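Secondary and tertiary structure notes
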Amino acid sequence: MYDPLAIQIQYVPGVGPKRAEVLEKDLGLRCVGDLLHYYPYKYIDRSRLYQIREIDGTMPYIQLQGEILSFEELGEGRKQRLVAHFTDGTGVVDLVWFQGLRFLKGRYRVHTKYIVFGRPAPYGGRISIAHPDIDEPEKLSLSQMGLVPAYNTSERMKRMGLNSAALQRFVSAAFAALKVPPPETLPPWFVEEHGLLPLPEALRQIHFPASPAQLRQAQYRFKFEELFFIQLQILRYAKERGQKFRGFLFPRVGELFNGFYAYHLPFPLTGAQMRVLREIRRDTCSGRQMNRLLQGDVGSGKTVVALMTMLLALDNGYQACLMAPTEILAGQHLETVQKMLQGMDIRVELLTGSVRGRQREAILQGLASGSVRILIGTHAVLEEPVSFARLGMAVIDEQHRFGVAQRARLWQKSAQPPHVLVMTATPIPRTLAMTLYGDLDVSIIDELPPGRKPVQTQHRYDDRRASLYQFLRREIQAGRQGYVVYPLIQESEKSDLKNLEQGYGQMCAVFPEFRISKVHGRMKPAEKDAEMARFARGETQIMVATTVIEVGVNVPNASVMIIENADRFGLSQLHQLRGRVGRGAEQSYCILITGYKLSSDTRRRIEIMTQTNDGFEIAEADLKLRGPGDLEGTQQSGIAFDLKIANVARDGQLLQHVREVARRIVDDDPQALNPRNALLWQRLALLRKDHVDWSVIS
Ligand code: ADP
Ligand code: MG
């Protein structure tokens, strides 16, 4: 079938092979279809003319009609500029050029009607517009006068003259050259049922909207389509899995679970913990394989839920494992679990990269024979040839990036996929969780154990350190410990390391009486662990570190967290770091240090941190501030996530709606055989081929 969108982009009139190469390299545009689906990132309203006296400093762009009164050349050398005094009878603005002066003066005439378009800015008591677009009114076409599309381009493209206007010309030319309309990608009944604009119309309106209402309709269609296929992909995949695998049944609540609950559990469970355990019970009795994400803020008590979930597996004759992201955390889990299970006859083993030789052999054997009933380890264990006799339950801690692919790997550990519980303290906003983990059920612990004092968070400017150090000294003298954290966005950034070294030097100079630890990502894991352990044992009082301490480390005696250059951290990261304190009975403090110069976004982040300790609130705010593309987890999810037009933060409602639409289709057509859905299943197959190696799973 002839598809006009498949034509290579170089054949679009005005493009040619050389520009085509750049379009492909910088924007990934290879064919006409790519170009037409390269949507504008915004639209500038050129549908109306303003008067100079209306300009109030809030308008990003402005369009005026009037005439040039006179030209003036000002400044010398690099400051040289050409100024045209322009009036529409209601006032005067200055049009300013810094480049191409000679050429410009001949180009425009005084006392001639022009339409001027640009960004107004106050300068020297007047309004000036730098490098405006200037047209003669009769030469402006309609498409240049309405909502004008603006396209993102790269720096290199701009230098070559391939700016937004050039892209607009290419899109225009591509439309003009279309011999037949682009074929509809959705079944006709679907387009009709959901009130979507047909594809050819939607494409045209998204580039050259006839009105704001039509633009919204075009955007709606593309957002709908984009989100719909992600949901279809997730739900279809969940369906296939459900058809293929049965879940282990855990009907017994036996001796171990009940014995632990009655005699070993050192505190009453919170209501939220009990609710989550009930949800897990229901899953494990359903015959479906459980895939549950457990979200609970730092310190909310996820570990004991994990432990009791594992005991449930043991009671039913299965083994269980608990995986942590680092060796330190795995070690801490072992300690906790052993302590809680003291007096119960359960073989628990720790398997990490540093367990070697005969010891490792013995553990592997125990796993294969079934005598090791609980395995605690790092995620790395999953990569290795570890096999279990009867693995029934796998708990993955501090990991919200445990995507489809990783779960698939886990399933190969035993004859039948175990139930999976993924735990994370980094809350994912509901809308994002639905998209990332659409096939995962979500449980939430939204209640902290009683008696916790919320961490107090303050913002300090970096020239006010002296009083801060006094405060830290008093806390340490009272027997507490403190962290000082430096940003290290990329572990290879030399200047960051220098910051850390300088900070360490400074702390040593300010606190000669204390012992100070230092940990960063360039250290060998064993060194790092040793230093962390020293701090955990209280042998050092201050820990100077990069974000390597972010995840899960538990030193309840630490009561102060100082975060240097706090402006360089994202919200979720700040919240994670703050979670390292406030784990004991003492009042804890988190101090965010920044310079005076802060962007408004940064100010907002710091403000949110000082106002709330609620991880969900913070995650929602983070999503709004940063957009989902930057959130951790989106890349690793294994799901195509380079959303072109939809925005999970803003389009939450639409997302929920299309999810229901997708669910109906998957439920009504479980074998994907209904001819009326043929187009949908074809598209889905293409998506799978492009993005994920689903063969691992299905
Ligand atoms: P996280 O959810 O961050 O992994 P943990 O499981 O490490 O939290 O729990 C934090 C602390 O709270 C631990 O010391 C744990 O023993 C304690 N804890 C957990 N549940 C309760 C509870 N219901 N009542 C009192 N303390 C609890
Ligand atoms: Mg934990």
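Scroll up to find the structure this text is about.
Residues numbered from 1 in each chain as written. Chains lettered and ligands numbered in written order. Predicted model: local features only at pLDDT ≥ 70, side-chain atom pairs only at ≥ 80, totals over all residues. Heavy atoms only, no water.

For helix 17 (residues 465–477), with 13 residues, the first-to-last C-alpha span of 18 Å sits near the 18 Å given by 1.5 Å per residue. Listing the buried residues of helix 17 in full gives Leu468, Tyr469, Phe471, Leu472, Glu475 and Ile476. Projected onto a plane normal to the axis of helix 17, the buried residues spread over an arc of 160° and lie on a single side. In this structure, helix 17 carries Ala466 and Gln477 as exposed residues pointing more than 90 degrees from its buried face. Phi for Gly479, located one or two positions after helix 17, is positive at around 100°. (Helix = DSSP H or I, 4+ residues; strand = E, 2+ residues; numbered from the N terminus. Expected span 1.5 Å × (residues − 1). Buried < 20%, exposed > 50% of the residue type's maximum accessible area, 1.4 Å probe, protein only. Arc of directions from axis to C-beta.)

Another aspect to go through is the site of ligand 1. Neighbouring ligand 1 are 15 residues; Pro268, Gly299, Lys302, Thr303 and Arg452 lie closest to it. Pro268 is positioned with one of its backbone polar atoms (N or O) 2.9 Å from a nitrogen atom of ligand 1. Between ligand 1 and the protein, one listed contact pairs an oxygen atom with a side-chain N or O atom of Lys302 at 2.8 Å. Its residues assigned to classes, the shell around ligand 1 shows 5 nonpolar, 6 polar and 4 charged. (Near = heavy atom within 4 Å. Polar contact = N/O pair within 3.5 Å; in protein donor to acceptor, adjacent residues only side chain to side chain. Nonpolar A, V, L, I, M, F, W, Y, C, P; charged D, E, K, R; others polar.)

The first and last C-alpha atoms of helix 13 (residues 357–369) sit 18 Å apart over 13 residues, in line with the 18 Å expected at 1.5 Å per residue. Restricting attention to buried positions, one finds in helix 13 the residues Arg360, Ile363, Gly366 and Leu367. Taken down its axis, helix 13 places every buried residue within 125° of arc, on the same side. With respect to the buried face of helix 13, the exposed residues turned more than 90 degrees away are Arg358, Gln365 and Ser369. Where helix 13 is buried, its residues meet strand 11 (319–324), strand 12 (348–351) and strand 13 (374–378). Positive backbone phi, approximately 95°, marks Gly370, located one or two places after helix 13. (Contact = heavy atoms within 4.5 Å.)

Taken together, Tyr2, Ile7, Tyr11 and Val180 make up a surface patch of nonpolar side chains, about 400 Å² in accessible area. As for its placement among the helices and strands, Val180 is situated in the loop between helix 5 (164–177) and helix 6 (188–193). (Patch = residues over 30% accessible without salt bridge, like charges linked within 9 Å, V, L, I, M, F, W, Y side chains within 5 Å. Areas by Shrake-Rupley, 256 points an atom, 1.4 Å probe, with all protein chains shown as cover. Salt bridge = Lys/Arg side-chain N within 4 Å of Asp/Glu carboxyl O.)

Turning our eyes to something else, we now look at unusual backbone geometry. In this structure, His111 takes a positive phi of about 55° despite not being glycine. Examined against the element boundaries, His111 turns out to sit in the loop between helix 3 (101–107) and strand 5 (114–118). A relative accessible area of 51% means that His111 is categorised as exposed. The phi dihedral of Ala672 falls on the positive side, at around 55°, and the residue is not glycine.

What follows covers the environment of Asn291. Within the secondary structure layout, Asn291 lies in strand 10 (residues 291–296). Overall, Asn291 belongs to the buried group, its relative accessible area being 3%. It is 9.2 Å that separates the C-alpha atoms of Asn291 and Pro418, two residues lying 127 residues apart in sequence.

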